[in-house]
Every structure is written in C-alpha cells, then in structure tokens.
Amino acid sequence: MKMHLCKKCKAVVEGGGTPDGKGCPAGGMHDYTYIAETGPKYHLCSKCRILVKTFAKPADFGCPEGAYHEWTFLGEAGPNAWACKRCGARVETAAAPERANCPSGGIHDWKKA
Ligand SMILES: [Zn+2]
Ligand SMILES: [Zn+2]
Ligand SMILES: [Zn+2]
C-alpha cells in the first residue's frame, strides 16, 4: 500500500496508487505527495504533527507547515498503547516510544494508555 498526504487539508490516504484529487475540504483539488509504503514503523513530523506507520523513513518533501517534514522514528508497532500528555500523539508500540522531538517542544511525555 502506498501512503499519500495532501498538504492543503492534511488528509493521509492509503491505496494502490495516486488517490483521486477531487473534493479537498481546503478547496479545489487535493495536492497529494507520496510519503512512503505503509509498514510497521511509526514516524511523527514535529512540524505538521502528522503520524504515519511506514516501512521506511517517509519522504521529506511536502510538509503542510512548510517545505520539508521533520520526521522522528518513534518505534515499531506492537501491543502497548501510549499517549503523549503534551502533544496528544497516540501510538501502539512494542517498546517505550522515542522521546525526542515532541511537536509541543522538548521531549514527549509518554504514558501507558
Ligand atoms: Zn486535501
Ligand atoms: Zn510535516
Ligand atoms: Zn509529544
């Protein structure tokens, strides 16, 4: 599966190819950028706060908050649910998630959810 992001409305779409561009809530056509193949690795952009599960590090280009994403690898998908009290991100990982680069500034404050 391929993951695309619209940098106008921040919609993340998974599918076999480039998604249909019609009907962006932000007006006109969606402006999709290919991010990555879907997979088990959580990545969070500390600028636009988009959280994705991908096979490898997502593409840098096309951040809705300006030019390039700043992705941080949080961890591999697993059975334990965590939520950051500061930025509100929620992940389900095998081990405790990475703490660096919370979008709210400084480090994430992960609590078992
Ligand atoms: Zn859109
Ligand atoms: Zn971003
Ligand atoms: Zn956080």
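Here's a quick rundown of the structure. (Residues numbered from 1 in each chain as written. Chains lettered and ligands numbered in written order. Predicted model: local features only at pLDDT ≥ 70, side-chain atom pairs only at ≥ 80, totals over all residues.)

Counting secondary structure elements, the protein contains zero helices and seven strands. Each helix (α) and strand (β) of the protein, taken in turn from the N terminus, gives the series β-β-β-β-β-β-β. Seen through its principal axes, the protein has C-alpha atoms that stretch 40 × 25 × 20 Å. Across the 113 residues that make up the protein, the buried fraction comes to 27%. (Helix = DSSP H or I, 4+ residues; strand = E, 2+ residues; numbered from the N terminus. Buried ≥ 20, exposed ≤ 12 C-beta atoms within 10 Å, placed from the backbone.)

Turning to the pairing of strand β3 (residues 32-45), a few remarks are in order. In the sheet, strand β1 (residues 2-6) pairs with β3 via five bridges, with the strands oriented antiparallel. Opposite Met3, over in β3, you have Ala36 as the bridge partner. Bridging between β3 and strand β4 (residues 51-54) involves five bridges; their strand directions are antiparallel. Of the residues in β4, the one forming a bridge with Lys41 is Thr54. Between β3 and the antiparallel strand that follows it, β4, lie five residues; Arg49 among them carries a positive phi value of about 65°. Where β3 and strand β5 (residues 71-84) come together, five bridges link them in antiparallel fashion. The residue of β5 that forms the bridge with Tyr42 is Gly75. (Pairing = 2+ DSSP bridges.)

It is worth spelling out the nonpolar core at this point. Within the largest apolar cluster, 20 residues are counted, with the highest numbers of intra-cluster contacts made by Leu5, Ile35, Leu44, Cys45 and Val91. Broken down by secondary-structure element, the contributors of at least two residues to this core are β1, β3 and β5. Tallying contributions element by element places β3 first for this core, with six residues. Beyond its immediate chain neighbours, meaning those up to four positions away, Val91 contacts Tyr42, Leu74, Gly75, Trp82 and Pro97. (Core = buried A, V, L, I, M, F, W, Y, C linked by C-beta atoms within 7 Å. Contact = placed C-beta atoms within 7 Å.)

Turning our attention to the environment of Thr54. Note on placement: Thr54 falls in strand β4. The exposure class assigned to Thr54 is partly exposed, which follows from the 19 C-beta atoms found within 10 Å. Residues Thr54 and Phe73, spaced 19 residues apart in sequence, show a C-alpha to C-alpha distance of 10.0 Å. Those residues in contact with Thr54 that sit more than four places away from it in its chain are Met3, Ile35, Ala36, Glu37, Thr38, Gly39, Lys41 and His43.

None of this, on its own, says anything about what the molecule does.
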